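The primary structure of each chain is shown beneath.
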Amino acid sequence: PTHALGTRAALSVLERAGNAIDAAVPAAAVLSVVEPMMTGIGGDMFAMIWLARENRLVALNASGRAGALMTRDELLRRKRTSVRRGPEAITVPGALSGWQELLDRYGTISLAEALEPAIGYADSGFVVTPVIAGDWASQVNVLRRDPGAVATFLPDSQPPEAGDWFTNPDYARTLREIAREGPSLMYGGALGQRIVDRVHELGGFLTLEDLRRHENTWVTPISTTFKGYRVWELPPNNQGIAALEMLRILEPYDLASLGHNSAKYLHLLIESKKLAYADLTRYVGDPGHLSLTPAQMLSDPFIAERRQHIDRTKPMVRTDPGPERVSSETVYLTVADRHGNMVSFINSIYNEFGSGVVVPGTGFALHDRGSGFTLTPGWPNTVAPGKRPFHTLIPGFVTIPAANPAPDGKGDTPYMSFGLMGGSMQSQGHVQFLLNHLVFGMDIQEAQDAGRFRHLDSTRVIVEATLPDSTIAALRALGHVVRIGNPAQFGGSQAIIRLKRGYAAGSDPRKDGHAGGH
């Protein structure tokens, strides 16, 4: 996990003979306390699980849908050109129902047991780290727009500083009520009614029936082979397909000969990212409304057409047919157990503190995932009631393929559970991490430590300060507009590799987390 207390919560479950699924949920719940700007029960979650006993992958899409009142016509009537951050962007939060469903199907502990560590930290408090203090302070203006957010997250009207002790008694009370009554408290019960009443008061679009009708979806992950491995992502409404498309575009190139993070190497990655993300914008949305299937987007003819747009001497100026999606705040965690189960798990409220709306007395922010919709008519991701919005959240997995690969990976050999959070950084970050490890032979920690780029839009790229000045100059000479970004802009990653005996794990130095085992 991205915070040491989340790791501690997961390990304590494993030490008491719980499995990886049991451990993942308490870790996620603790992160919702100690990183409230990133995650919580007001958001959505996705998980990919390698089931050792069944020798296959399963995946859960626990993302919510647009409210029954969220129509394109109504947004246009309000003179909106996009779904803007705030109460109008609040969609059904699916995370809590996802936690319950994971435990019901594959866990051995109750949700009440899983919530105990989080309740303890919300009640007794925790020390705010420098990373979290910085994230918190950056959202003061957003929080000050909402009385509930001020009361919960701005004690004495100021954000906590590094080293401060922070408690959230409202959230502790909410989690206790959920532990006692179950997720139905939110999905049609008293907590749901409070949420709906406040969102309606602020001009949002949720109804109690929207919450009551929420359902999660078990999905089959999608994959592509790369350098003898099989890389897995979740299907739409999720951006994971962009990572697979980038890998397919890049596979014919001799990347190793170009040199790690050389200008010529980074140029190819940046251009492949532009193509894949252009396709995200146009073709990815609610899976019930796709005009192009994942199989078609990863087919040889489609990839060959995309690849031919790359000019190795200059960058494409415009490849995006729609708006770039560049924000999102998320936590990622991965857990493996003694049985061989491995969980790749991601949970988010989208922007930092989500919509910025906290229903008074509840202790948590509601997400703004509806900001992922477009108002452009006729697209898979065009806003409409009951639709799932485009999602940036992507847990990843890698297997060694069987002789006759199955759609769910049955018969494959599990190799690595991994993820990299950070909005539109995620797919391009997945690819950079995978190439570091699979092409350049870096170990799991080196692959996460290595300097990253993040393409923004058109020819604008940010890079980490660890990249050589000569590489940055060469990228600029090719025509890229390059500037140095801060570490928080390049995401944070965790990964676990299965060894012949035990596991190897790594955690991103850009975040507060650490790899732990017992």
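Just above sits the structure.
Owing to the predicted nature of the structure, the values given are computational and were not obtained by experimental measurement.

Enquirer: I'd like a rundown of helix 19 (residues 469–478), residues and numbers included.
Expert: Among the residues making up helix 19, those that are buried are Thr471, Ile472, Leu475 and Leu478. Around the axis of helix 19, the buried residues are gathered within 120 degrees of arc, so they sit on the same side. Structural note: helix 19 exposes Asp469, Ser470 and Ala477 on the side pointing more than 90 degrees away from its buried face. The positive-phi residue at the C-terminal boundary of helix 19 is glycine 479, with phi of around 120 degrees.

Enquirer: Talk me through helix 5 (residues 111–124); I want residue IDs and the actual numbers.
Expert: In this model, helix 5 (14 residues) spans 20 Å end to end at C-alpha, consistent with the 20 Å of a helix rising 1.5 Å per residue. Its axis deflected by about 35 degrees at proline 117, helix 5 carries its strongest bend there. Looking only at helix 5, the buried set comprises Leu111, Ala114, Leu115, Ala118, Ile119 and Ala122. The elements touched by buried residues of helix 5 are helix 2 (20–34), helix 4 (95–106) and helix 9 (169–181). Just downstream of helix 5, glycine 125 is the residue with a positive phi angle, here 100 degrees.

Enquirer: Help me get a handle on the sheet that holds strand 15 (residues 460–463), residues and values and all.
Expert: On the basis of which strands lie adjacent, the open sheet formed by three strands has the order 14-15-16 and mixed pairing. With one partner strand each, in any of the chains shown, strand 14 (453–457) and strand 16 (481–484) form the two edges of the open sheet. For this sheet the average axis-to-axis angle between neighbouring strands, irrespective of direction, equals 25 degrees. Pairing of strand 15 with strand 16 involves four bridges; the strand directions are parallel. Bridging across to strand 16, valine 463 finds its partner in isoleucine 484.

Enquirer: Let's hear about the pairing of strand 13 (residues 413–421): which residues, and what values?
Expert: Among the nine residues of strand 13, eight are classified as buried, and the element is accordingly described as predominantly covered. Where strand 12 (residues 396–400) and strand 13 come together, five bridges link them in antiparallel fashion. Residue pairing for strand 13: valine 398 is matched across the bridge by methionine 416. With six bridges connecting them, strand 13 and strand 17 (residues 492–498) associate as antiparallel partners. Counted as the bridge partner of methionine 416 is isoleucine 497 from strand 17.

Enquirer: Any details on the packing of aromatic side chains? Residues and values, ideally.
Expert: Taken as a whole and judged by the stated rule, the model has twelve aromatic pairs. Relative to phenylalanine 397, the ring of tryptophan 50 lies with its centre 6.2 Å away and its plane at 10 degrees, an arrangement referred to as stacked. Taken together, the positions of tryptophan 50 in strand 1 (residues 44–51) and phenylalanine 397 in strand 12 put the pair 347 residues apart, joining distant regions of the chain. Side by side, tryptophan 50 and phenylalanine 397 carry an identical accessibility label, which is buried. Aromatic rings pair up to connect Phe126, Trp136, Phe153, Phe166 and Phe353 into one cluster. The ring of phenylalanine 226 carries lysine 227 above its face, with NZ or CZ at 5.5 Å from the centroid. Taking NZ or CZ as reference, lysine 273 lies 4.2 Å from the ring centre of tyrosine 277, over its face.

About the cut-offs
- Residues numbered from 1 in each chain as written.
- Predicted model: local features only at pLDDT ≥ 70, side-chain atom pairs only at ≥ 80, totals over all residues.
- Heavy atoms only, no water.
- Buried < 20%, exposed > 50% of the residue type's maximum accessible area, 1.4 Å probe, protein only.
- Helix = DSSP H or I, 4+ residues; strand = E, 2+ residues; numbered from the N terminus.
- Arc of directions from axis to C-beta.
- Expected span 1.5 Å × (residues − 1).
- Bend = angle between axes of the 7 residues up to and from the residue.
- Contact = heavy atoms within 4.5 Å.
- Pairing = 2+ DSSP bridges.
- Axes fitted to C-alpha atoms, helices over the stretch in contact; angles between N-to-C directions.
- Phe/Tyr/Trp six-rings, centres within 6.5 Å; stacked < 30°, edge-to-face > 60°.
- Lys NZ or Arg CZ within 6 Å of the ring centre and 35° of its normal.

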